[in-house]
Amino acid sequence: MSSKKILVTGGLGFIGSHTVVALQEEGFEVVIIDNLSNSSLEVLGGITKITEKTPEFEKLDLRDKNAVKEFFEKYPNIEGVIHFAASKAVGESVENPLLYYENNLSTLIYLLQELNTKDQPKFIFSSSCTVYGQADELPISENAPVKKAESPYGNTKQIGEEIISDTCKVNPSFKAISLRYFNPIGA
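**Concerning the packing of aromatic side chains**
Enumeration according to the criterion identifies three aromatic pairs in this entry. A ring pair is formed by Phe71 and Phe72, whose centres lie 5.4 Å apart and whose planes are at 85 degrees; its orientation type is edge-to-face. Exposure remark for Phe71: the relative accessible area of 3% places this residue in the buried category. According to the relative accessible area criterion, Phe72 is buried, its value standing at 5%.

**Here's the deal with the sheet that holds strand S6 (residues 175-179)**
If you trace the six strands from one edge of the open sheet to the other, you get S3-S2-S1-S4-S5-S6, paired in parallel fashion. The open sheet has two free edges, formed respectively by strand S3 (56-59) and S6, since each of these has just one partner strand. On average, each strand axis in the sheet is tilted by 15 degrees relative to the strand beside it, whichever way the strands run. Pairing analysis gives four bridges linking strand S2 (residues 29-34) to S3, with the strands arranged parallel. Looking at the pairing, Asp34 lines up with Lys59 of S3.

**Digging into the packing of helix H1 (residues 14-25) against helix H2 (residues 42-51)**
Packing of H1 against H2 leaves a shortest axis separation of 10 Å and a crossing angle of 30 degrees. Taken as axis vectors, H1 and H2 run roughly parallel relative to one another. Our pair here, H1 against H2, has a crossing hand that is right-handed. Here H1 contributes Ser17, Val20, Val21, Gln24 and Glu25 to the contact with H2, which in turn contributes Val43, Ile47, Ile50 and Thr51. Counted by class, the contact of H1 with H2 contains five nonpolar, three polar and one charged residues.

**Regarding the pattern of salt bridges**
Under the counting rule described, the total for this entry stands at eight salt bridges. The partner of Glu29 in a salt bridge is Lys5, with the nearest N and O atoms 3.6 Å apart. Of this pair, Glu29 sits in strand S2 while Lys5 sits in strand S1 (residues 5-9), and the two are 24 residues apart along the sequence. Its relative accessible area of 36% is what places Glu29 among the partly exposed residues. Taking the relative accessible area as the measure of exposure, Lys5 reaches 8% and is therefore buried. Ionic pairing is found between Asp136 and Lys147, a salt bridge with its closest N-O pair at 2.6 Å. Pair noted here: Asp136 is in the loop between strand S5 (122-126) and helix H6 (152-170) and Lys147 is in the loop between S5 and H6, with a separation of eleven residues, a long-range link.

**A word on the layout of surface pockets**
One number sums up the size of the largest pocket: a volume of about 890 Å³. Forming the boundary of the largest pocket are 36 residues, of which Asn38, Phe84, Ala86, Ser87 and Lys88 lie nearest the centre. Secondary-structure elements contributing two or more residues to the lining of the largest pocket are H1, S2, helix H4 (90-95), helix H5 (97-115) and H6. Among the residues making up the lining of the largest pocket, the classes are represented as 16 nonpolar, 14 polar and six charged. Empty space within the second largest pocket amounts to approximately 180 Å³. Along its surface, the second largest pocket is lined by 14 residues, and Ile6, Gly80, Ile82, Lys122 and Ile124 are the ones closest to its centre.

**Brief notes about the side chain of His83**
Inspection of the secondary structure puts His83 in strand S4 (residues 78-83). At a separation of 2.7 Å, a polar atom in the side chain of His83 contacts the side chain of Thr9. Reaching out from His83, the side chain makes a polar contact with the backbone oxygen of Ala85 at a distance of 3.4 Å. Apart from the residues within four sequence positions on either side, His83 is in contact with Thr9, Leu62, Thr107, Leu108, Leu111, Phe123, Ile124, Phe125 and Ser126.

What counts, and at which threshold
Residues numbered from 1 in each chain as written. Predicted model: local features only at pLDDT ≥ 70, side-chain atom pairs only at ≥ 80, totals over all residues. Heavy atoms only, no water. Phe/Tyr/Trp six-rings, centres within 6.5 Å; stacked < 30°, edge-to-face > 60°. Buried < 20%, exposed > 50% of the residue type's maximum accessible area, 1.4 Å probe, protein only. Pairing = 2+ DSSP bridges. Helix = DSSP H or I, 4+ residues; strand = E, 2+ residues; numbered from the N terminus. Axes fitted to C-alpha atoms, helices over the stretch in contact; angles between N-to-C directions. Parallel < 35°, antiparallel > 145°, perpendicular 65-115°, else oblique. Left-handed = near helix turned anticlockwise from the far one by under 90°. Contact = heavy atoms within 4.5 Å. Nonpolar A, V, L, I, M, F, W, Y, C, P; charged D, E, K, R; others polar. Salt bridge = Lys/Arg side-chain N within 4 Å of Asp/Glu carboxyl O. 1 Å grid on protein atoms, 1.4 Å probe; cavity = no way out; pocket = protein on both sides within 12 Å on 5 of 7 lines; lining within 4 Å. Points joined across faces, edges and corners; volume = space filled by probe spheres on them. Polar contact = N/O pair within 3.5 Å; in protein donor to acceptor, adjacent residues only side chain to side chain.

Structure below.
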């Protein structure tokens, strides 16, 4: 059993909560950050019921740079971050692009800045298949080229991946991966 402490942002959302359950079942200690804008505190009880362990929870708006810094001061032993917290509706992003750029990019930057101060930081980024744009071939494989985004949401994911890549280039000990979902729920 591992005793590594993992931060899951958006950990009370659909994908985040399932990830928290899987992590706890594998023996990881989990801290959840969620601002409850697209989730419910009741999910925390569900996680506890399934795993018989209550993860630590911090209600926090990741757009608050000082709050993010204070979080990492409170939890100095975070060894990795799985970042699910982001605005995610394509249509809404077209109607309110600045909200998407602020929320999806500033939160990513603030997390990376804090994580980058640690030894051997690890980061998993919840990206999207939207980075592939209109694909030339179907089905789309991971080898497909990234194309121009067709929405502000998709653009935030592309820019986010570039920010992470640039961070890893200047810090070779920084390990990161992007998860490019097509349909996270499925039939």
